[in-house]
Amino acid sequence: MSSQPAEDGHDGYDIFSPGFRADPYATWSAMRAAGCPVAHSGQWGGSWMPVRYDTVRETARDGERFSSRAVEVAGPLESAGGLFLPPLTSDPPQHKLHRDVLMPYFLPKRIAAFEPFIRDRARELAAGLAARGGGDAVTDFAQGLTIAVLTTMLGVPPGEQFTDWMIRMIRIGPKDQAVRAQVVGEILAYLGGLLDEREAEPRDDLITYLAGAAIDGVPLSRKHQIGSAFLILIAGADTTWSAIGSSLWHLATHDEDRRRLVADPGLIDTAAEEFLRVYAPVSVGRIAREEADLDGRRVGAGERVLLAFAAANRDPDVFEDPDEIRIDRKRNRHLTFGSGGHRCLGSNLARLELRVTLEEWLRVMPEFRLAGPGGIEWSGGQTRGPERVEFLVSR
Ligand code: HEM
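Residues numbered from 1 in each chain as written. Predicted model: local features only at pLDDT ≥ 70, side-chain atom pairs only at ≥ 80, totals over all residues.

Draft legend 1. Examining the overall build of the protein more closely. When helices and strands are counted, the protein shows 17 helices and 13 strands. Computed over the C-alpha atoms, the radius of gyration of the protein is 21 Å, within 12% of the 21 Å expected from 2.2 N^0.38 for a compact globule of 395 residues. The dimensions of the protein, computed from C-alpha atoms along their principal axes, are 65 × 60 × 35 Å. When contacts within the protein are restricted to residue pairs at least 6 apart in sequence, long-range pairs at least 24 apart make up 72% of them. (Helix = DSSP H or I, 4+ residues; strand = E, 2+ residues; numbered from the N terminus. Rg over C-alpha atoms; globule rule 2.2 N^0.38 Å. Contact = placed C-beta atoms within 7 Å.)

Spelled out as structure tokens, the structure:
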């Protein structure tokens, strides 16, 4: 069938346009106000975008009707489908087996053991910025912290190339397939080499673990080992640094919230959840396996659905005054980490990094503000967050 929709006022959205990057919430509010719960766009390979909480949640959980084989939200479907990142791109019934392989590295006890490392690193980075009187909270803090955690987990030396790889892969790649192919090749080669090294000389790290892991007694293929290592890198990097960057931007621009948190650090947990809700960085794609009805619109088999969790998190049927940021919000069942079988495996780690950042940053720099009106620029696409947050310490 032809599933191309009758043109609607809200169709044709462009997740990379300057307007959508700066304020996607306006698009989602306008869709709700106009009674348009699902929009269609032919841009960037084409997709359907639901905004209702229930629809986003149900679609994310429905592995039978919606495949995860290509979760990238932009770019040609063929190339997006080519990357094997188990368990993210795995469907039932293999998905659970692929997820269980990584589970030992994400058990609460194992993640909690990272806290002293994260705290030391956060304090050290914040102290350096305080001494300089300011800087960029993204490039001088959030990126360094996030990459340090990931490289420690994987057991690789930290280096600038990780940040560069993530930016080329996730920010530039979807719009430029040549850049994407180049960077994917570089990362695959690097991880393959690393797996060879760890096989020869095992250590206590995730790469060594993957090199020896098995499912039902059958060793993982090299492709599987590389894919899972690749996934940890891309799933844990700019997702987390975007959440940290958005939260620090919020505190640099909302004095009342910042002073409340400094006076009452006991609010940091609910504040972190609220920042995750309102600035949810991640959107993922699904491919309809068969024709499906999404809130009255017909999605054709093989077409992509874009799950913008940040849109679901602003649904007024679920959240009271959803556009209001309440750092003491009690009921907060946001979808920032997804829902169902694919729900984020690293959510405990991401939460730990965000909470510790808020605690250490506010201890070292209780007073800070945006350097100027141009001090912020939002990225678009798969992961939305500030590309930089230039700030000054207030004395
Ligand atoms: C604030 C930071 C983060 C956000 C917002 C986030 C968000 C998400 C979302 C929405 C999914 C579900 C994808 C889907 O339904 O297809 C997901 C999956 C995943 N995330 Fe995260 N993530 C974050 C941090 C991390 C970290 C730090 C790690 C690991 C170091 C990680 C590892 C994973 C993995 C392995 C999956 C795949 C799970 C599966 O498919 O079963 N994430 N993440």
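Draft legend 2. How the structure looks around the site of the ligand. Every one of the 27 residues lining the ligand counts as a neighbour, but Ala 235, Gly 236, Gly 338, Cys 344 and Gly 346 are closest to it. Elements that contribute at least two residues to the shell around the ligand include exactly helix 12 (222-236), helix 13 (238-253) and helix 17 (347-364). Tallied by class, the residues present in the shell around the ligand amount to 18 nonpolar, eight polar and one charged. (Near = placed C-beta within 6 Å. Nonpolar A, V, L, I, M, F, W, Y, C, P; charged D, E, K, R; others polar.)

Draft legend 3. Highlighting the packing of helix 8 (residues 138-154) against helix 12. Remark: helix 8 packs on helix 12, axes separated minimally by 10 Å, with the N-to-C direction vectors making an angle of 160 degrees. When the axis of helix 8 is compared with that of helix 12, the two are roughly antiparallel. Considering the relative orientation of helix 8 and helix 12, their crossing is right-handed. Only Ala 229, Ile 232, Leu 233 and Gly 236 of helix 12 make contact with helix 8, whose side of the interface consists of Thr 146, Leu 150 and Leu 154. (Axes fitted to C-alpha atoms, helices over the stretch in contact; angles between N-to-C directions. Parallel < 35°, antiparallel > 145°, perpendicular 65-115°, else oblique. Left-handed = near helix turned anticlockwise from the far one by under 90°.)

Draft legend 4. Focus on the nonpolar core. One finds Ala 229, Phe 230 and Phe 309 to be the most contacted residues of the largest nonpolar core, which totals 102 residues. Sort the elements by how many residues they give to this core and helix 8 lands first, with nine residues. In this view, Phe 230 contacts Leu 85, Ile 187 and Leu 191; residues no more than four positions away in its chain are not counted. (Core = buried A, V, L, I, M, F, W, Y, C linked by C-beta atoms within 7 Å. Buried ≥ 20, exposed ≤ 12 C-beta atoms within 10 Å, placed from the backbone.)

Draft legend 5. Here's a closer look at the pairing of strand 10 (residues 304-308). Judged by how many residues are buried, strand 10 sits mostly within the fold: five of five residues are covered. The alternating pattern of strand 10 places Arg 304, Leu 306 and Ala 308 on one face and Val 305 and Leu 307 on the opposite face, and all of these are buried. Pairing geometry for strand 7 (residues 283-288) and strand 10, over five bridges, is antiparallel. Looking at strand 10, one finds that Ile 287 is bridged to Arg 304. (Pairing = 2+ DSSP bridges.)

Draft legend 6. Broad picture of the environment of Ile 215. Take Ile 215: it is sitting in strand 5 (residues 214-215). Taking the C-beta count within 10 Å as the criterion, Ile 215 has 14 such neighbours and is therefore assigned partly exposed. Counting along the chain gives 117 residues from Ile 215 to His 98, while the straight-line C-alpha distance between them is 8.1 Å. Sequence-distant contacts of Ile 215, defined by excluding residues within four places in its chain, comprise Leu 97, Val 101 and Leu 220.

Draft legend 7. Region of interest: helix 7 (residues 115-132). End to end, helix 7 covers 26 Å across 18 residues, agreeing with the expected 26 Å (1.5 Å per residue, within 8%). Among all positions of helix 7, only Ile 118, Arg 121, Ala 122, Leu 125, Ala 126 and Leu 129 are buried. Along helix 7, the residues classed as buried sweep out an arc of 125 degrees about the axis, all on the same side. Exposed and facing more than 90 degrees away from the buried side of helix 7 are Pro 116 and Ala 131. Buried positions along helix 7 lie against strand 4 (134-136), helix 8 and helix 17. Remark: Gly 133 follows helix 7 within two positions and exhibits a positive phi of approximately 85 degrees. (Expected span 1.5 Å × (residues − 1). Arc of directions from axis to C-beta.)

Draft legend 8. Representation of the environment of Ile 226 in the model. Relative to the helices and strands, Ile 226 resides in helix 12. In this structure, the C-alpha to C-alpha distance between Ile 226 and Arg 123, residues 103 residues apart in sequence, is 33 Å.

Draft legend 9. Inspection of unusual backbone geometry at higher detail. With an omega of 10 degrees, the peptide bond between Pro 86 and Pro 87 qualifies as cis. Checked against the element boundaries, Pro 87 lands in the loop between helix 4 (77-81) and helix 5 (94-102). Backbone torsion omega between Pro 92 and Pro 93 reads 0 degrees, so that peptide bond is classified as cis. Notably, Asp 216 is not glycine yet its phi reads approximately 50 degrees, a positive angle. Here Asp 216 lies in the loop between strand 5 and strand 6 (218-219). Look at Asp 295: it is not a glycine, yet its phi comes out positive at around 45 degrees. Tracing the backbone shows Asp 295 in the loop between strand 8 (292-294) and strand 9 (297-299).

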